[in-house]
Number of protein chains: 2
Amino acid sequence: MVCSIVGLGLMGGSFGLAMRDYFDKIIGIDHNVKHCEDALKLGLVDEIDDFKAIEKSDVVILAIPIKGIIKALNEISKLNIKKDLAVIDFGSTKESIINSCPQNIRKNLVAAHPMAGTEYSGPQAAIADLYKNKVMVLCNIEDSGEIQRKKAIDICNRLQMHIKYMDAKEHDRHAAFISHMPHIVSFSIANAVLKQEDKEHIVALAAGGFRDMSRLAKSNPHMWRDIFSENKQNLLDSIEAFKSELKKAKDMIENEKWDELEEWMKTGNNLHKIM
Amino acid sequence: MVCSIVGLGLMGGSFGLAMRDYFDKIIGIDHNVKHCEDALKLGLVDEIDDFKAIEKSDVVILAIPIKGIIKALNEISKLNIKKDLAVIDFGSTKESIINSCPQNIRKNLVAAHPMAGTEYSGPQAAIADLYKNKVMVLCNIEDSGEIQRKKAIDICNRLQMHIKYMDAKEHDRHAAFISHMPHIVSFSIANAVLKQEDKEHIVALAAGGFRDMSRLAKSNPHMWRDIFSENKQNLLDSIEAFKSELKKAKDMIENEKWDELEEWMKTGNNLHKIM
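Here the structure is a predicted model, which is why all the values come from computation and not from measurement.

How should the relation of the copies chain A and chain B be read in this particular structure?
Here two copies of a chain appear, and what relates them is a rotation about an axis with a shift along it. Note on the identical chains: chain A maps onto chain B by a rotation of 180 degrees and an axial translation of 0.0 Å, with an RMSD of 0.0 Å. When the rotation and shift are considered jointly, the pair of chain copies conforms to a two-fold rotation axis. A share of 99% of the interface residues of chain A reappears at the interface of chain B, consistent with the copies meeting face to face through the same patch.

Here it is in structure tokens:
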């Protein structure tokens, strides 16, 4: 089987690295010439080609921002693709992608979201075990063709991922809570500290806890604006839910309700019983 | 030199583990009988004794909650201690501890805050390299005796810690931003997710980012209520600073000001240039 990877950053590059032995050939496709050169040099793909190479592919991975995925699906719908081609998109929100997929290739599309990543980006950030033991969400799988479904599942198994099936709407709401809102929170912490007059002294004290809480604020702003705009309403809802807990805590601190605050924290401890 | 450690949890236990070879004897002191047994079994201390053992000690480490430290200092002030005794407290806030230290032992006290820890607690959580390469803040060091100062610095060097000298007031404000507010934020994220009807499905998607952001919500509520109450005003100020950034982000999302949001995120990226 021939696989094309569109987008040779962290996600696409790591996929190539992990799947080199699985496919007969992996073709890299990226507008960014430097990324193409790096991907070849780092052995993430076998060769570089243009978008037309999708016509000779059995699997296409779309590992680019959401708006790019939507555009790519439109272009693919006009190509002379193999009937059994599986187009697997790795977009972080799913509803808008599925809704804008041209009908003639809807069965080719498998809408996926690998719950994996690091705060780094580009081909240099690719790591072979990025996907291992992580969750892969497959959305509205009943609308994908049977062969495409099977290809996607085989690939997930090879990556040693745990598959979760989910409705796209439900996925987008969950993703807001588990990923998008926490990113906004982390950026807010970073910006709050940076606004302080003595920011260097504050940061000098940073231990593990602060590093964890500010790590997501290293993320790529250009990529995340897309995710936030595609998932606007769910994101606002999850920020609202977070804000309401924060307000509760603040009120208890202000009014010195320490017993209540301790109970609230004990409730928070429970998260790790279900995680 | 004989060292007593009051409080055989994560902090006190890890100190014992790291410093067994440095002192001639390490005495463990703890109200909790189980902690005493575990500390002996795990080799964190040489022997267990009662509070009176401080009279034969050259160094005392107070690795207990803030209110306990304040009480312990009062009791120590009534003991027949060695003139050169160094009492090093590991409290997470410093102003209230320093202000309530009895004058007759003020020169004995070295007010310290090791910027180290994990989300776990108890003697079982002790690790030998907890302090290694971490920052140790020493507050208002000019009010400690010269011999006590020297003892504390020698100990920090042996632990391979980086010493930062700071005014207690300044420390407490910085600690609110770097540690206390992020704890409140993490507990707020945990509670917001737990309130959702489909919390199990949400959590099933958790990847590294969410694990980082919710890790502090594993922390011990009883210990943290003390820290929050001792540092109330700074904590409220830092929550306010955080909230104002969160509000800014929320407004930009609501009004679809994606360019501005991207700029705001780029500013947040800068944190890691100074960290």
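After that view of the structure, there is still more to cover.
How do you make sense of the side chain of D38 of chain A when you look at a structure like this?
All names here are of chain A. Tracing the backbone through its elements, the reader meets D38 in helix α2 (residues 33-41). D38 sits in the buried class, given a relative accessible area of 7%. Contact partners of D38, with chain neighbours within four places excluded, come to P123 and Q124.

Sorry if this is basic, but what is going on with the sheet that holds strand β5 (residues 86-89) of chain A here?
Strand pairing within a sheet occurs via backbone hydrogen bonds; the two strands may be parallel or antiparallel. All names here are of chain A. Taken in spatial order, the eight strands line up as β3-β2-β1-β4-β5-β6-β7-β8 in an open sheet, and their pairing is mixed. Two strands in the sheet have a free side with no partner beyond their single neighbour: β3 (47-48) and β8 (162-166). By the bridge criterion, five bridges tie strand β1 (residues 2-6) to strand β2 (residues 25-29) in an arrangement that is parallel. Each residue of the ladder has a partner; that of V6, found in β2, is I29. In the packing of helix α1 (residues 10-19) onto the sheet, contacts are made with β1, β2, β4 (59-62) and β6 (109-114), and the angle to β1 comes to roughly 160 degrees. Here helix α5 (residues 146-158) sits on the sheet and contacts β4, β5, β6, β7 (135-139) and β8; the angle it forms with β5, its principal contact strand, is near 55 degrees.

Looking at this model, I keep getting lost on the interface of chain A and chain B. Mind explaining?
For an interface, size is often stated in terms of accessible area lost upon the parts coming together. Listed as interface residues are 86 residues of chain A and, on the opposing side, 85 residues of chain B. Summed over both partners, the interface of chain A with chain B comes to about 8300 Å²; 72% of that surface belongs to carbon and sulfur atoms. Counting across the chain A and chain B interface gives twelve salt bridges. Put simply, E262 of chain A and R225 of chain B hold a salt bridge, and the shortest N to O gap is 2.6 Å. For the side of chain A that touches chain B, the secondary structure elements donating two or more residues are β7, β8, α6 (168-194), α7 (199-204), α8 (208-215), α9 (221-230), α10 (232-254) and α11 (258-269) of chain A. In terms of residues, the side of chain A that touches chain B owes the most to one element, α6 of chain A, which gives 19 residues. Partitioning the side of chain A that touches chain B into residue classes produces 46 nonpolar, 17 polar and 23 charged.

Rules behind the numbers
- Residues numbered from 1 in each chain as written.
- Chains lettered and ligands numbered in written order.
- Predicted model: local features only at pLDDT ≥ 70, side-chain atom pairs only at ≥ 80, totals over all residues.
- Heavy atoms only, no water.
- Least-squares fit on C-alpha atoms with pLDDT ≥ 70 in both.
- Contact = heavy atoms within 4.5 Å.
- Helix = DSSP H or I, 4+ residues; strand = E, 2+ residues; numbered from the N terminus.
- Buried < 20%, exposed > 50% of the residue type's maximum accessible area, 1.4 Å probe, protein only.
- Pairing = 2+ DSSP bridges.
- Axes fitted to C-alpha atoms, helices over the stretch in contact; angles between N-to-C directions.
- Buried area = accessible area lost by both parts, 1.4 Å probe.
- Salt bridge = Lys/Arg side-chain N within 4 Å of Asp/Glu carboxyl O.
- Nonpolar A, V, L, I, M, F, W, Y, C, P; charged D, E, K, R; others polar.

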